[in-house]
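Overview (structure and organization)
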Amino acid sequence: MKILRNKKASKLLAYYATNFGYKQPYQVLVDATFCQAALQNKVAVEDQLKKYLQTDLRCFTTQCIILEAEHLGQPLIGATRIVKQFSVFKCGHEGKPIGGSDCVRDMVKVSKFIVTTQDRSLQHYLRQIPGQALLYLHRSAPVLEPPSKKTKDIASQKISSLLTKAQKTLRKDPVHTDILTNKKRKKPKNPNPLSCKKKKIVKNGKV
Ligand SMILES: [Zn+2]
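For every chain, the first residue of the written sequence is number 1, and numbering continues from 1 onward in sequence order. For a predicted model such as this one, the threshold for reporting local features is a pLDDT of at least 70, and the threshold for listing and counting side-chain atom pairs is 80 or more; totals across whole chains, interfaces and linings nevertheless cover every residue. Where side-chain values are given, they derive from all heavy atoms of the structure, hydrogens and water being excluded.

A closer look at unusual backbone geometry
A cis amide bond links glutamine 24 to the next residue, proline 25, at an omega of -10 degrees. Labels follow the DSSP assignment, with helices taken as runs of H or I lasting at least four residues and strands as runs of E lasting at least two, numbered in each case from the N terminus. Tracing the chain through its elements places proline 25 in the loop between α1 (2-20) and β1 (26-30). For lysine 42, which is not a glycine, the phi torsion comes out positive at approximately 55 degrees. The topology assignment puts lysine 42 in the loop between α2 (32-40) and α3 (45-53). Not every positive phi belongs to a glycine, and arginine 139 is a case in point at roughly 55 degrees. Summarising the element assignment, arginine 139 is placed in the loop between β5 (134-138) and β6 (141-144). Exposure categories follow from relative accessible area, calculated using a 1.4 Å probe and restricted to protein chains: below 20% of the type maximum is buried, above 50% is exposed, and the middle band is partly exposed. Overall, arginine 139 belongs to the exposed group, its relative accessible area being 64%.

Section: the side chain of serine 111
Summarising the element assignment, serine 111 is placed in the loop between α6 (100-110) and β4 (114-116). N or O atoms within 3.5 Å of each other form a polar contact, as long as, within protein, one can give a hydrogen and the other can take it, and as long as residues adjacent in sequence are counted only when both atoms are side-chain atoms. One polar contact links serine 111 to glutamine 27, side chain to side chain, over a distance of 2.9 Å. Residues count as neighbours in contact if any of their non-hydrogen atoms are within 4.5 Å of one another. Those residues in contact with serine 111, other than ones at most four positions away along the chain, are Gln27 and Phe89.

Concerning the coordination of the zinc ion
Around the zinc ion, the protein contributes the donor atoms Cys64 (SG), Cys91 (SG), His93 (ND1) and Cys103 (SG), at 2.1 to 2.3 Å from the metal centre. Motif for the zinc ion, donor spacing along one chain: C-x26-C-x1-H-x9-C. Taken together, the residues cysteine 64 in helix α4 (residues 63-72) and cysteine 91 in the loop between β3 (87-89) and α6 connect sequence positions 27 residues apart. In this pair, the class of cysteine 64 matches that of cysteine 91, namely buried. Distances define the donors: N, O and S atoms within 2.8 Å of the metal qualify, as do those within 3.2 Å of Na, K or Ca. Water is excluded, so some sites may look unfinished.

Examining α3
If you check which residues of α3 are buried, you get Val45, Leu49, Tyr52 and Leu53. The arc enclosing the buried residues of α3, seen along the axis, measures out at 85 degrees, which places them on a common side. Count one or two residues on from α3 and you reach glutamine 54, which has phi positive near 50 degrees. Of all possible arcs, the one meant is that of the directions from the helix axis to the C-beta atoms.

Let's talk about the pattern of salt bridges
The working definition used for a salt bridge is a side-chain nitrogen of Lys or Arg within 4 Å of a carboxyl oxygen of Asp or Glu. Counted under the stated rule, the structure contains five salt bridges. As a salt-bridge pair, lysine 50 and glutamate 46 come within 3.7 Å of each other at their nearest N and O atoms. Of this pair, lysine 50 and glutamate 46 are both found in helix α3, four residues apart, which corresponds to roughly one turn of the helix.

Structural notes on the sheet that holds β4
Strand order in the open sheet made by the six strands is β3-β2-β1-β4-β5-β6, with mixed pairing throughout. The sheet is open, and its two borders are formed by β3 and β6, each paired with just one other strand. Here the strands of the sheet are splayed against their neighbours by 35 degrees on average, with no regard to which way each runs. Strands are treated as partners if at least two bridges between them are detected by DSSP. Relative to strand β2 (residues 57-62), β1 is paired through four bridges, and the arrangement is parallel. Counterpart to valine 28 in the pairing with β2 is cysteine 59. Each axis is a line fitted through C-alpha atoms, taken for helices only over the stretch in contact, and angles between the N-to-C directions span 0 to 180 degrees. Each of β1, β2, β4, β5 and β6 touches α3; the most contacted strand, β2, lies at about 135 degrees to it.

Section: the environment of histidine 138
Residue placement: histidine 138 occurs in strand β5. Classification of histidine 138 by relative accessible area gives partly exposed; the value is 48%. In sequence terms histidine 138 and asparagine 41 are 97 residues apart; their C-alpha atoms lie 9.4 Å from each other.

Note that all results are geometric; they support no functional claim without further evidence.
Printed below as a string of C-alpha cells:
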C-alpha cells in the first residue's frame, strides 16, 4: 500500500515538474501548522517527505513563519523547535514580519515551492493557483494533492500551444518542411566520386 502511495506521489511530482517548472532538488516550504501536525503524529518531516516523494528535496521556512510560531508561545513550542531546523528562505519581510500564511502567499509568487501546510484557508488559496503543488498530512501520512481541474486545463493549454509553435517553426524551416510534407530533397549536383569509378570489363576471364 505504502509503495503504491509513494509511486503515485512521485508520478504526481513528475507531472508538476514537467508542466510547471519544478526542479530538483525540490524546494519545500514548511509552515508551523505542518510541523505541529508532524509532531502530533510523530512524523520526521524531511525524512518522511523524501521517502514519500522518492526524491531529493530541501525544506525551507521563512523568518515570518518562525516569528509567528514563537509569538504563539507554549502551544506551539514543539512545532517552533521543528520549524527552526529548516533553512530560512529570505522572504523580503525582514525587519517588517508579516503573518506566516501571508508570507507563504508571497513566497509562491517568487519561487517554485511545494507548500506543506495544514492551514485550511491557506490550502484553499493555494488551490486557486494553477500548478501550485500542495502537500499536507492526513494523520501520519503525507499527501501530495493531485492537480486541480484548473491546473490540468492550464497544462493541456500549454502543451497545445507548444505544439502549434513547433509546427509553425517547422514550417518556416525548409529542411523540416520536407520532412513534414514528405517531399524528396534534390540530390547534390556533384556525384559521389566513388560511384564514378569505371566499371571493370571482364573478357574471357581476364580483366
Ligand atoms: Zn516573510
